[in-house]
Amino acid sequence: MFNILFPLALLSVVSVMIIFALGYDDTARFFPLLVMLPVAALLVLEIFLELRTRVKQKTGKPEGGPAEKTGLAAYLKSQAWVVLLLLSLYFLGFIAGSALFLLIYLRTHEVKWLYTAISVVVTVAVIYGAFGLLFEVYLYEGLLFSKFF
Amino acid sequence: MYTDILNGILSIFDPMVLLLMFGGMVVGLVLGILPGLSGLTGLAILIPLVFGMEKTQAFALLMGMYAASSQGGSVTAILLNIPGTGPNAATLLDGFPMTQQGHAGRALGISLAASAFGGLFGGVVLALSMPLLRPIVMAFGSPESFIIVLLGLAYIGVLATASPLKGLISGGFGVALSFIGYQEVSGHMRFTADSIYLFDGIRLVPMTLGLFGIPAAIDLIMSGSSISQAKIVHATASDMLEGFKDLFRHWRTFLLCSSIGTVIGIIPGVGGDVAAWVAYGSAKQASKHPEKFGTGCPEGVLAPESSTNAKEGGAMIPTLAFGIPGSAGMAVLLGAFLIVGLTPGPLLLRDHVDFVFSLVAILILGNVLGSVILALAATQLVKVVNVPGTIMGPIILILVAMGAYSTAGNILDVLSAFLIGVLGYAMRRAHFSSPALFLGYILGAMAESYFYLSLEAYGWMFLMRPIVLTLIVIGFFSLNYKWLGKLFKKTGRAA
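Residues numbered from 1 in each chain as written. Chains lettered and ligands numbered in written order. Predicted model: local features only at pLDDT ≥ 70, side-chain atom pairs only at ≥ 80, totals over all residues.

## Topic: the overall build of chain A
Quick note on the threshold: Numbering goes from the N terminus for both helices and strands, where a helix is a DSSP run of H or I of at least four residues and a strand is a run of E of at least two. For the radius of gyration, the atom set is restricted to C-alpha positions; the globular benchmark scales as 2.2 Å times the number of residues to the power 0.38. Once C-beta atoms have been placed from the backbone, residue pairs whose C-beta atoms lie within 7 Å are recorded as contacts.
When its secondary structure is counted, chain A shows five helices and zero strands. Scanning chain A from its N terminus toward the C terminus, one meets helices and strands in the order α-α-α-α-α. Computed over the C-alpha atoms, the radius of gyration of chain A is 24 Å, more than 25% above the 15 Å expected from 2.2 N^0.38 for a compact globule of 149 residues. Projected onto the principal axes, the alpha-carbon positions of chain A cover approximately 55 × 50 × 30 Å. Sequence separation of 24 or more characterises 57% of the internal contacts of chain A that already satisfy a separation of 6 or more.

Here you go:
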C-alpha cells in the first residue's frame, strides 16, 4: 500500500507546485514546468504500474499482514522519539534538551546507568566543547530558558 | 625560477610552519567529523589568527585545516552514514554498505588513500599548469559550466539503474526542490508560501543530514542492533592496507575521477558536490561491474574521494591566477591573501613564484598527512560501529540536529532536517533513490542560473562554442559508450 501512497503524496506536492508555477512570469516558471510536468507524468505512470502489479499479484490475502503492522508500529514509535527530541531541543535548548532526551531514551530502553551516564556526558561534551567552545557555534538555549531565566 | 620553486617547497619544512599545519589539520579533521561543520567554518574561525603571521605560516594553518576537513567528513560518511559535507554524501553510497558488511577498515583505507593521492594529483596538476593557467581558466564561461552541470544531472539515470523510473522521479523531484526560494535571474520568490525561512531555499546542510543521516538513525532505533549488525568490526592495519591496494587495483578509476575533480575545480562556482557526483557516475559507467555500485563497491568509495580532494588543486588555479575563487572555501582564502599583503592574480604568479609553490606543497602535504593521521586514528574510530543501535541511534539524531543548526544558527534548520529525514526514510521504504534526489537538488537551480546567464551573454549560440560542443560529445559518449560499443560490435559482425 505504501508503494502507492508515497508516489501519490509526491504527485500532490508536485501538482501544487505546478499550480503555483503557472502564476509566475516566463523566466521564473520555464524551468520548474520543464521539470515538474514530466515528473508528474512519470508519477502517474509509476502509480499505474504499481496498481497493475498489485492487481496481478492479488491472491486474496488481506491487506497489511502482521509483519507490515509491526513495522508500522516500530516506525511510529521511532517517530514519537524524533518528535520528543525536537520538543526537548525547542524548549530546553541543545545542552539540557539533548541530555534529557538521551537520559529518557536510554533508560526507557533499559540501558545500564553507567552506559547512560557515559553517553550523556560524552554527547554534552561534544556539543558544548566542540561545537560551542572550540568552533564558537551559538548554542540555542531553548524557549524555556530564554523566556523565564 | 627553479631556485624559487625549490625555495618555496623547502620553506614548508620550517618547524613552525609544520607545527601550524599540523594544528590546522587536527582542527580540520575534528571539523570534518562533526556533522554540519565544514572547512569553510574552520576558515572563518582561523582567519582572525593569521593577522601578523608570516605568509607561509598563515597558509600552512589555513590550508592544512581546509585540506584535512573533507577527509574527516568521509569518516562519518563511511562509519555512520552521516556525510560531514555535501561531497561526502557520494562516499556513503558504497562506504556505509562496506561498513555494514564488516569492511569498515578497507573502506577507510580506500578513502584515505584516494584522498591523499587525489590531493597529490590536484597539486601536481596545479604545479604543472602554472604556465598555462590563463588560457585554461579563460576557456571556461557560463555555457561550459551549464553543460558540466547538465552532464551531472544526466548521471541521475546512472545512479538509479535498479529502478530507472523511480530514479528519474526522485531526481526530478530533487530538481523541483532546488527551485524553492529566490530566483537569481528574475528576482522572483518561488514556492516559498511567503515563509521568510524559505527565501534562501532549502539549505544544503539540513538537506544532506536529513536525507542520509536521519534514515540511518531511524533504522538503528527501530532495529536496536549496531551499525555492523551484530558483527564485531575492527580496522586492522591489514584491512587499511587492503583499501590502499584498491587504489592501485582501480588506478584507471582513480585517474579518471581525479582528472574530473581537477577540471571541475578549475571552473569557478561549480563546486565539490558536482565533482563528487560526476566522478561517481563516471566511475560507475566505466566500471566492468556497474551493478555492484551502491552495494559496497570499493570503486564507489574511491571515485568521490579522489575527485573531491583533487578538486582543491583545480580550484586554486583560478584563485591564484585571477583572484576568481573556484569554490566557497577559496573565496575565504582570497581574504587571507589580502590579510598577509598579497593580491592574487598574474602578478602573484610572476613576483611570488616561491610562495605559490609553497602553497602547492602545503596542499599536497596537507592531504597526505591528513590521511596518515586518520589512518592512525582509524582503529579507534571504527569501534563506534560496534556500539548498539539503542545507544548510537539517539546520539546520531542529536548530532544531526546539532549539525543542521550549526551552519546558520537557525533552529528551523533542525525542523527542516527532520522533515527531510521523514521524506528520506519514506523514499527508502518505497524504493525511491535518495542520492538521485540529492543530485537533482544540488544541480537543478545551478543549471537554471547558468542557462539564463549563457543565454543572456551569447544567445542560443552558446551551444555552438567549441568547448561546449566538445563537452556535449564527451558527455554523450561517456553516458552511452557501453550501448554504443554493443552497437558497433553488432554492426561490425553484420558487415
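Having seen the model, we can carry on.
## Thoughts on the packing of helix α6 (residues 104-128) of chain B against helix α17 (residues 353-381) of chain B
All names here are of chain B. In plain terms, the rule: Axes here refer to lines fitted to C-alpha atoms; in helices the fit is confined to the stretch in contact. Angles between the N-to-C directions go from 0 to 180 degrees. Every angle not falling under 35 degrees, over 145, or within 65 to 115 is termed oblique; those three ranges are roughly parallel, roughly antiparallel and roughly perpendicular. Asp, Glu, Lys and Arg are counted as charged, while Ala, Val, Leu, Ile, Met, Phe, Trp, Tyr, Cys and Pro are counted as nonpolar; the rest, among them Gly, fall into the polar class.
Relative to each other, α6 and α17 sit at 175°, their axes nearing to 8 Å. By the angle between their directions, the pair α6 and α17 is classed as roughly antiparallel. Contacts between α6 and α17 involve G105, L108, L112, A113, S115, A116, G119, L120, G123, L126 and A127 from the former and F357, V360, L363, I364, N367, V368, S371, L374, A375 and A378 from the latter. Looking at the contact of α6 with α17 residue by residue, the class counts come to 15 nonpolar, six polar and no charged.

## Observations concerning the interface of chain B and chain A
Across the contact, 44 residues belong to chain B and 49 residues belong to chain A. If you list the elements that add at least two residues to the side of chain B that touches chain A, you get α2 (15-33), α3 (39-46), α9 (164-178), α10 (204-223), α18 (389-406), α19 (411-429) and α20 (434-458) of chain B. Looking at which element gives the most residues to the side of chain B that touches chain A, the answer is α18 of chain B, with 10 residues. Looking at the side of chain B that touches chain A residue by residue, the class counts come to 32 nonpolar, eight polar and four charged.

## Some thoughts on the domain arrangement of chain A
Where interface size is quoted, it is often the accessible area lost as the parts come together. Defined as follows: What fixes the domain bounds is an automatic or database domain assignment.
Domain assignment breaks chain A into domain 1 (1-63) and domain 2 (65-149). On a C-alpha basis, the centres of domain 1 of chain A and domain 2 of chain A stand 36 Å from each other.

## Let's talk about the nonpolar core
One recurring pattern in soluble globular proteins: nonpolar side chains tend to sit buried together. Operational definition: By convention the nonpolar core is taken to be a set of buried residues drawn from Ala, Val, Leu, Ile, Met, Phe, Trp, Tyr and Cys and joined through C-beta atoms within 7 Å. Here a residue counts as buried when 20 or more other C-beta atoms sit within 10 Å of its C-beta, as exposed when there are 12 or fewer, and as partly exposed otherwise, the C-beta atoms being derived from the backbone.
L62, L108, A176, I362, I396, V400 and A401 of chain B are the most contacted members of the largest nonpolar core, which totals 187 residues. A per-element tally of this core places helix α4 (residues 55-80) of chain B first, with 15 residues. The two domains that each donate at least three residues to this core are domain 1 (1-63) and domain 2 (65-149) of chain A. Ignoring anything within four residues of it in the chain, the contact list for L62 of chain B reads G24, L43, L46, V50, L333 and A336 of chain B.

## Concerning the environment of T319 of chain B
Residues and elements named next belong to chain B. Summarising the element assignment, T319 is placed in helix α14 (residues 298-322). Classification of T319 as buried rests on a count of 25 C-beta atoms within 10 Å. Spatially, the C-alpha atoms of T319 and E242 are 37 Å apart, while their sequence positions differ by 77 residues.

## Topic: helix α2 (residues 26-57) of chain A
Rules: Expected span of a helix, by definition, is 1.5 Å for each gap between consecutive residues, and there is one gap fewer than residues. A residue's bend is simply the angle between two axes: one fitted to the seven residues ending at it, one to the seven starting at it.
Between its terminal C-alpha atoms α2 of chain A stretches 46 Å, which fits the 46 Å expected from 32 residues at 1.5 Å a residue. In α2 of chain A, a bend of some 35° at L33 of chain A exceeds every other bend along the element. All of the buried residues along α2 of chain A are A28, R29, F31, P32, V35, M36, V39, L42, L43 and E46 of chain A. Taken together, the buried residues of α2 of chain A touch α1 (2-22) of chain A together with α9, β2 (189-190) and α20 of chain B.

## Some words on unusual backbone geometry
All names here are of chain B. Positive phi, close to 65°, is recorded for N81, a residue that is not glycine. By secondary structure assignment, the location of N81 is in the loop between α4 and α5 (88-100). Looking at N81, the number of C-beta atoms within 10 Å reads 25, which means it is buried. With phi around 50°, A193 is a residue other than glycine that occupies positive phi space. Counting through the fold element by element, A193 comes out in the loop between β2 and α10. Overall, A193 belongs to the exposed group, with 10 C-beta atoms counted inside 10 Å.

## Description of the environment of I266 of chain B
When you line up the elements, I266 of chain B lands in helix α12 (residues 251-266). Linking I266 of chain B and G485 of chain B, residues 219 residues apart in sequence, is a C-alpha distance of 31 Å.

## Focus on the packing of α12 of chain B against α14 of chain B
All names here are of chain B. To keep it simple, the criterion reads: Crossing handedness is defined as follows: a turn of the near helix away from the far one that is anticlockwise and smaller than a right angle gives a left-handed crossing, while the clockwise case is right-handed.
Direction vectors running N to C along α12 and α14 enclose 35°, while the axes themselves pass 6 Å from each other. When you trace α12 past α14, the crossing you get is right-handed. For the contact of α12 with α14, the class distribution of residues is 12 nonpolar, 10 polar and three charged.

## Concerning the confidence of the model for chain A
Rule in force here: Confidence scores per residue from the predictor, reported as pLDDT, run from 0 to 100.
Mean pLDDT over chain A: 87, with 91% of residues reaching 70 or higher. Ranking the elements of chain A by mean pLDDT puts helix α5 (residues 143-148) of chain A last with 80 and α1 of chain A first with 93.

## Regarding the environment of V387 of chain B
All names here are of chain B. Relative to the helices and strands, V387 is located in the loop between α17 and α18. Since 17 C-beta atoms lie within 10 Å of it, V387 is described here as partly exposed. In the structure, V387 is positioned 162 residues away from S225 in sequence and 8.4 Å away in space, judged by C-alpha atoms. Leave out the neighbours within four places in its chain, and V387 touches S226 and M392.

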